[in-house]
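Listed here are the chains, written in short residue letters.
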Amino acid sequence: MHFPPWTSVDDAARLLRDGLVVAIPTETVYGLAGNAYEPKALAQIFAIKERPTFDPLIVHICEISQLADVTENIPEAAYALAKAYWPGPMTMILPKKDCIPDLCTSGLPSVAVRFPSHPVAQEIIRKALVPLAAPSANLFKHVSPTTAEHVAAQLADRGLAGIVDGGPCNVGVESTIVSLVGEPTVLRPGAVTPEMIAAVVGNVKVKESTSKPGQPMAAPGQCDTHYRPQVPLFYGKLPAEFKLPERCVRIAFGDTPGVIPATLNLSETGDMLEATAKLYAYMHDLDDPRYDLILVDQIPNVGVGMALNDRLKRASIKV
Ligand code: TXA
Ligand code: MG
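Residues numbered from 1 in each chain as written. Chains lettered and ligands numbered in written order. Predicted model: local features only at pLDDT ≥ 70, side-chain atom pairs only at ≥ 80, totals over all residues. Heavy atoms only, no water.

### With respect to the packing of aromatic side chains
Per the stated rule, a full pass over the model turns up 3 aromatic pairs. Look at Y227 and Y280: their rings are 6.3 Å apart centre to centre, the planes differ by 20°, and that puts the pair in the stacked class. Taken together, the residues Y227 in the loop between β10 (205–206) and β11 (233–235) and Y280 in helix α9 (residues 272–286) connect sequence positions 53 residues apart. Grouping residues by exposure puts Y227 and Y280 together as buried. (Phe/Tyr/Trp six-rings, centres within 6.5 Å; stacked < 30°, edge-to-face > 60°. Helix = DSSP H or I, 4+ residues; strand = E, 2+ residues; numbered from the N terminus. Buried < 20%, exposed > 50% of the residue type's maximum accessible area, 1.4 Å probe, protein only.)

This is the structure we're talking about:
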């Protein structure tokens, strides 16, 4: 096998049909994909990521009609949302069909489903001939990959059969997760905002997603310490008495002056979508032992900014 195992779309589809695990591009982040119907492939995904099996996977499809292959009791609201925002960065939670193994859903009676807009992802799913379970292609709790190189750096030597390079992800943050089991509820913010969902289904709740120590998680996978680089990252307002280490770098947003000069800027003009597409790449870039601390500027908590705030709060050390 070549190393890293760069793979073509056709070879990836063949490897997936053979029950192996392949990293694929999507518009949000790269995914670590396997046949969603095949428990052995699912087990390998958990093993490669070192992900606990209580954290369920998202099933990726390439046509709205496939929703009915993997879920049941689909409410009208789900079809309305699918029509509005699929293909795209939105995942829906619906009651699962028996064909979806319990390992995929961590024993939950519901399954997460997404129809990605990335043409390479769609082609791979179509040619694999089955829905693909795919979590983000990073080690558990680490920063999600937005380029094929990020995947190779974290996972190349961990037994995956291939990596398909589809270029940098243009959304850059994981999909919005909306549960349609009961009242529509956003479990994880993303590029499809609660306002966009409410515009289609009338009303949507937003789950307060921080887990409380010693209590069950509000939503699976929503650990308080997620998306963490190895170099400590701080997001928020620094306490006045905080002493900055010498080798401190800053990810700026817009043109506000900070305690130290901007090392990288998410968007000089304060464009939130540009910032979203760049955030994880910058976190990967500055996750270098040459640095002692990464500071990130405050990002307005509106629209897709809610997703950035959600991820940055989990990535941040507490001081
Ligand atoms: O953008 C994305 O969604 C990317 C790309 C690859 O599609 N995938 C992704 O997967 O972010 P992952 O595994 O990193 O995050 C999936 C989240 C987890 O927090 C998981 O707990 C939640 O979805 N989830 C999956 N099934 C669920 C269910 N039945 N009920 C509630 N949450 C669920
Ligand atoms: Mg993830």
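We are not done yet, so read on.
### Things to note about the sheet that holds β11
Strand order in this open sheet of 4 strands is β11-β14-β12-β13, and the pairing throughout is parallel. The open sheet is flanked by β11 and β13 (264–265), the only strands paired with a single partner. For strand β12 (residues 248–252) and strand β14 (residues 293–296), the ladder comprises 4 bridges, and the chain directions are parallel. Bridging across to β14, V249 finds its partner in I294. (Pairing = 2+ DSSP bridges.)

### What to know about the sheet that holds strand β8 (residues 176–179)
Taken together, the 10 strands give an open sheet; going across it, the order is β7-β1-β2-β6-β3-β5-β4-β8-β9-β10, and neighbouring strands pair in mixed fashion. Each having just a single partner strand, β7 (162–163) and β10 make up the two edges of the open sheet. In this structure, strand β1 (residues 22–24) lies alongside strand β2 (residues 31–35), joined through 3 bridges in antiparallel fashion. If you follow I24 over to β2, its bridge partner there is G31.

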